[in-house]
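Take a look at the letters that make up each chain.
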Amino acid sequence: MVISTVLRKLEGKLAKNVTDIGLIFAVFMLREKLSINKRKPMEALQNRNLTWQQLFSEDEWLHFMARICKPIVEGGQELACIGDMHIAAKLQKLISSKTSLSLYARVSDIDAAFNDIVILEKDPKKVEAIVKALLENSLTMSASVHFKMDVKGCANRSLAKHDIFKNIDFYSSRYNSQEFDNLYEDSLKVVEKKCQVRDAQFLLQALENVRYVDGGIFEFGSYRGHSGWLLSEYCVRKGISKPLRLFDMFSHFPEESLGLDKMWNDTHFVDFEHIKTMFLPYQNVSLVQGDFTETYKKYRNEAIALALVDCDSYRAVDYLLHFMLPSVTEGGIILFEDYGHEPCAGVRIAVDDFVQKNSRNYKSFFCAYSGMFMLIKNTVDGC
Ligand SMILES: C[S@@+](CC[C@H](N)C(=O)[O-])C[C@H]1O[C@@H](n2cnc3c(N)ncnc32)[C@H](O)[C@@H]1O
């Protein structure tokens, strides 16, 4: 009785100590975590491809905007800002330039033409509303638009907070196959990686689903051919005999004049001779070189079972929504690869506008797994 009382007391003491150690450890971990988040914003942003990165704090966002603005004002350009005067004042301080920023509360207040416009707002819905207003205003539509959204703090807050799955744990006996893995690995032996593995999974499932739908496979935006090669090789391996047309400049991104799309100018350089050699073994494949808002006209009478739209710009996506979609067969699928990518606000604006006006004719689906957006053309009876 006496011994057990002593043991219980000791146990209690130990437990208390263990709790203390646990507490100290927890505090240590918290401090570590906090010190990570407290790294200097500029340091944290260095050497990263900023456009595609998520930002962590208000400070980082502001420094990011300053990094965009500084070279513009230092180059002697006048810079228009849309947003709040307090943020503009902080930005002005960070840029530390004598040239003062021209601040406007709303797009409709802008009374002069600018080469560059910066959006001092990070809520995605607000940014997209401003971008839309800029596109619709003849005074602002050609100005390069600069923004950085905080998508993490918006639409998928509950996903980030509550999601317990590691995405690779999802399983389907139909689609988690060695065949897919082999195909993807093989693609990387012949072509530079560009089509991410999640996109490839989504794309090839879509292809499988239109096997019996009339029409060919059309890709708008092929670049160095990764997704095009996956589509071509999948058709061979799975015995799908559909024509496959790949549309691209196959040289560089077309020169864009709309401000929102200007960020793509002078990117996506391609060696067309190499691409031609790569697709030589595939008899069903044709490469259509040039701006497809021109080259597609020749193919408008051809039925489409699957369209992959991977062309980044508002201009091109808006064109395809109006001129390519009528050729899609009922039950056919259209995939918008760039839809979910934060910088591709133009793709979202074009697609969302279209879906709002045409929801009766299409089923629509946003895949958080890959960021792709899918439209399926309804049959006449609406199914
Ligand atoms: C993101 S890349 C495509 C990536 C490709 N699907 C892959 O998996 O490698 C976008 C491509 O679209 C092309 N593009 C964009 N707008 C175009 C247009 N109007 N006409 C032709 N090509 C265009 C660009 O030149 C670029 O090569």
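Refer to the preceding data block for the structure.
Fair warning: this is a prediction, and the values are worked out from it, not measured in the lab.

Q: I'd like a rundown of the overall build of the protein chain, residues and numbers included.
A: The number of helices and strands found in the protein chain is 13 helices and 11 strands. A buried classification covers 34% of the 383 residues belonging to the protein chain. In the protein chain, the share of contacts with a sequence separation of at least 24, taken over all contacts with a separation of at least 6, comes to 73%.

Q: How would you summarise the site of the ligand if you had to cite specific residues and measurements?
A: Surveying the vicinity of the ligand reveals 22 residues, the closest of which are Lys-194, Gly-221, Tyr-223, Ser-227 and Cys-311. Taken together, the elements giving at least two residues each to the shell around the ligand come down to helix 9 (226-238), strand 6 (244-248) and helix 11 (292-295). Across the shell around the ligand, the residue classes tally to nine nonpolar, seven polar and six charged.

Q: Got a sec to walk through the sheet that holds strand 3 (residues 116-120)? Specific residues and values, please.
A: The parallel open sheet is built from four strands, whose spatial order is 2-1-3-4. The open sheet terminates on both sides in strands that have one partner only, identified here as strand 2 (102-104) and strand 4 (144-146). Adjacent strand axes in the sheet meet at a mean angle of 25 degrees when their direction is disregarded. Sheet analysis places strand 1 (residues 79-83) next to strand 3, joined by five bridges and oriented parallel.

Q: Tell me about the sheet that holds strand 9 (residues 328-336), and please be specific about residues and values.
A: Strands pair in a sheet through their backbones, by hydrogen bonds, and they do so in one of two ways: parallel or antiparallel. The sheet built from seven strands is open, its strands ordered 7-6-5-8-9-11-10 with mixed pairing. The outermost strands of the open sheet, each flanked by one partner alone, are strand 7 (285-289) and strand 10 (362-366). In this sheet, adjacent strand axes meet at a mean angle of 15 degrees when their direction is disregarded. Sheet analysis places strand 5 (residues 216-220) next to strand 6, joined by four bridges and oriented parallel. The partner of Glu-219 across the bridge, within strand 6, is Leu-246.

Q: Summarise the environment of Leu-325; cite the residues concerned and give the values.
A: Tracing the sequence through the fold places Leu-325 in the loop between helix 12 (314-323) and strand 9. Considered as a pair, Leu-325 and Ala-303 are 22 residues apart in the sequence and their alpha carbons are 9.9 Å apart.

Q: So what's going on with the pairing of strand 3? Which residues, and what values?
A: Of all five residues in strand 3, five are buried, a share of seventy percent or more. Bridge count for strand 3 against strand 4 is three bridges, and the pairing is parallel. Paired with Val-118 across the strands is His-146, a residue of strand 4. Viewed along the sheet, the connection from strand 3 through helix 5 (residues 124-136) into strand 4 turns out right-handed.

Q: How would you summarise the pairing of strand 11 (residues 373-377) if you had to cite specific residues and measurements?
A: Judged by which residues are buried, strand 11 turns out to be one-sided: Phe-373, Leu-375 and Lys-377 face inward and are buried, whereas Met-374 and Ile-376, on the alternate face, are not. Here strand 10 pairs with strand 11 via five bridges, running antiparallel. Bridge pairing in strand 11 links Phe-366 to Phe-373.

Q: Residues and numbers for the packing of helix 3 (residues 58-74) against helix 4 (residues 85-95), please.
A: When two helices pack together, their arrangement is given by the angle between the helix axes and by the axis-to-axis distance. Running from amino to carboxyl end, helix 3 crosses helix 4 at an angle of 60 degrees, the nearest separation of the two axes being 9 Å. In terms of orientation, helix 3 and helix 4 fall into the oblique class. In the packing of helix 3 onto helix 4, the handedness of the crossing is right-handed. In contact with Leu-62, His-63, Met-65, Ala-66, Cys-69, Lys-70 and Val-73 of helix 3, helix 4 contributes Lys-90, Leu-91, Leu-94 and Ile-95.

Q: Lay out the packing of helix 12 against helix 13 (residues 345-358) in plain terms, naming residues and giving numbers.
A: One way to put it is that helix 12 packs onto helix 13 with a least axis distance of 8 Å and a crossing angle of 20 degrees. When the axis of helix 12 is compared with that of helix 13, the two are roughly parallel. As for the relative orientation of helix 12 and helix 13, their crossing is right-handed in sense. Across from Tyr-314, Val-317, Asp-318 and Leu-321 in helix 12, the residues of helix 13 making contact are Gly-346, Val-347, Ile-349, Ala-350, Val-351 and Phe-354. Here the contact of helix 12 with helix 13 is composed, by residue class, of eight nonpolar, one polar and one charged.

Calculation rules
- Residues numbered from 1 in each chain as written.
- Predicted model: local features only at pLDDT ≥ 70, side-chain atom pairs only at ≥ 80, totals over all residues.
- Helix = DSSP H or I, 4+ residues; strand = E, 2+ residues; numbered from the N terminus.
- Buried ≥ 20, exposed ≤ 12 C-beta atoms within 10 Å, placed from the backbone.
- Contact = placed C-beta atoms within 7 Å.
- Near = placed C-beta within 6 Å.
- Nonpolar A, V, L, I, M, F, W, Y, C, P; charged D, E, K, R; others polar.
- Pairing = 2+ DSSP bridges.
- Axes fitted to C-alpha atoms, helices over the stretch in contact; angles between N-to-C directions.
- Right-handed = clockwise from strand over helix to strand, strands pointing away.
- Parallel < 35°, antiparallel > 145°, perpendicular 65-115°, else oblique.
- Left-handed = near helix turned anticlockwise from the far one by under 90°.

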